[in-house]
Amino acid sequence: TEAQFQAAEHVTVAHLIQIFRLTHAIACRDDVQAQQCAYWFAQHYDTPELDATLQSQTALMMAIYALVMCKDVALCKAWRSHWSQDQVQVFDGSAQAYIHWLDAELALAAGNIGQAKQACVKAYGALQDCMAKSDVMQLQAYLISVVQRIDALEKDMSGGFKQAV
């Protein structure tokens, strides 16, 4: 019916506005705005009119928020689990690059350096599909940080092994 369409349209517009607000808050490291958006998403994530694509994009943004703004790996992992590969085609390739970066972060936090490296390679490969230069620049900064931490861990591990021998 027309009323259902208008309700779904309102929910879609509201979610898109909040996604843009949260993206901006993360980029500016604006804790207050990011918290407001996160609270709003927590209240509206299971809205029946919200289509699966926006629900997946919301989960991605909340996973990024959890990691970047809250430094909460468990919360990031929980939101990451709600992202659906099937929905990525609607958005530009940046979603895939962000997911691979998150996977690298989560693997590194779990101590799996091999998986972290593989996810970094996939993230770097997905950068070519990003439409926004700002996404490329942000992702490159995130990935450089992951690679530096991987290098530091590998250096510590090899140094520790050499000292033990």
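A quick note: this is a predicted structure, and the numbers were derived from the prediction, not measured.

Thresholds, definitions, all that
Residues numbered from 1 in each chain as written. Predicted model: local features only at pLDDT ≥ 70, side-chain atom pairs only at ≥ 80, totals over all residues. Heavy atoms only, no water. Core = buried A, V, L, I, M, F, W, Y, C linked by side-chain atoms within 4.5 Å. Buried < 20%, exposed > 50% of the residue type's maximum accessible area, 1.4 Å probe, protein only. Helix = DSSP H or I, 4+ residues; strand = E, 2+ residues; numbered from the N terminus. Contact = heavy atoms within 4.5 Å. Phe/Tyr/Trp six-rings, centres within 6.5 Å; stacked < 30°, edge-to-face > 60°. pLDDT = per-residue confidence, 0-100. Expected span 1.5 Å × (residues − 1). Arc of directions from axis to C-beta. Polar contact = N/O pair within 3.5 Å; in protein donor to acceptor, adjacent residues only side chain to side chain.

Participant: Which parts of the structure should I look at to understand the nonpolar core?
Facilitator: Generally speaking, soluble globular proteins have nonpolar side chains that are buried together. Core analysis: the largest hydrophobic core is formed by 51 residues, its most contacted members being L22, I26, L60, I64, Y65, W101 and L102. Sorting the residues of this core by element identifies α1 (2-28), α2 (31-44), α3 (52-68), α4 (73-80), α5 (94-109), α6 (113-126) and α7 (133-164) as the ones contributing at least two each. What L22 contacts, discounting residues up to four positions off in sequence, is A34, C37, F41, M61, M62 and Y65.

Participant: Looking at this structure, how should I read the packing of aromatic side chains?
Facilitator: Aromatic ring pairs are defined here through the distance separating the ring centres and the angle between the ring planes. Here the structure, examined in full by the defined rule, presents four aromatic pairs. Seen in terms of ring centroids, Y45 and W79 are 5.0 Å apart; in terms of plane orientation they differ by 90°. Their pairing is edge-to-face. Linking Y45 in the loop between α2 and α3 with W79 in helix α4, this pair joins segments that are 34 residues apart in sequence. The exposure class of W79 is buried, given its relative accessible area of 13%. The interplanar angle of 75° and the centroid separation of 6.4 Å between the aromatic rings of Y98 and W101 together place this pair among those described as edge-to-face. Taken together, the residues Y98 and W101, both in helix α5 and three residues apart, mark about one turn of the helix. Judged by its relative accessible area of 10%, Y98 falls in the buried class. With relative accessibility at 1%, the residue W101 sits in the buried group. What links up through ring pairs into an aromatic cluster is the set Y98, W101 and Y142.

Participant: Even after reading the chapter, I still don't get the confidence of the model for the protein chain, so can you show me in this structure?
Facilitator: Detail in the predicted coordinates should be disregarded across regions flagged by low pLDDT. Looking at the protein chain, pLDDT values average 86 and 86% of them are 70 or higher. Contacts of residues 160-165 to residues separated by more than four positions or lying in other chains number zero contacts, the stretch itself having pLDDT below 50.

Participant: Just to check I follow, could you spell out α6 for this structure?
Facilitator: Given 3.6 residues per helical turn, the α-helix brings residues three or four places apart onto the same face. Its 14 residues give α6 an end-to-end C-alpha distance of 20 Å, which sits within 8% of 20 Å, the value for a rise of 1.5 Å per residue. Among all positions of α6, only I113, A116, A119, C120, A123 and A126 are buried. Viewed along the axis of α6, the buried residues span an arc of 140°, placing them on a single side of the element. In α6, those exposed residues whose orientation departs by more than 90 degrees from the buried face are Q118, V121 and K122. Taking the backbone nitrogen of G114 as reference, a side-chain oxygen 3.3 Å away marks N112 as the first, capping residue of α6.

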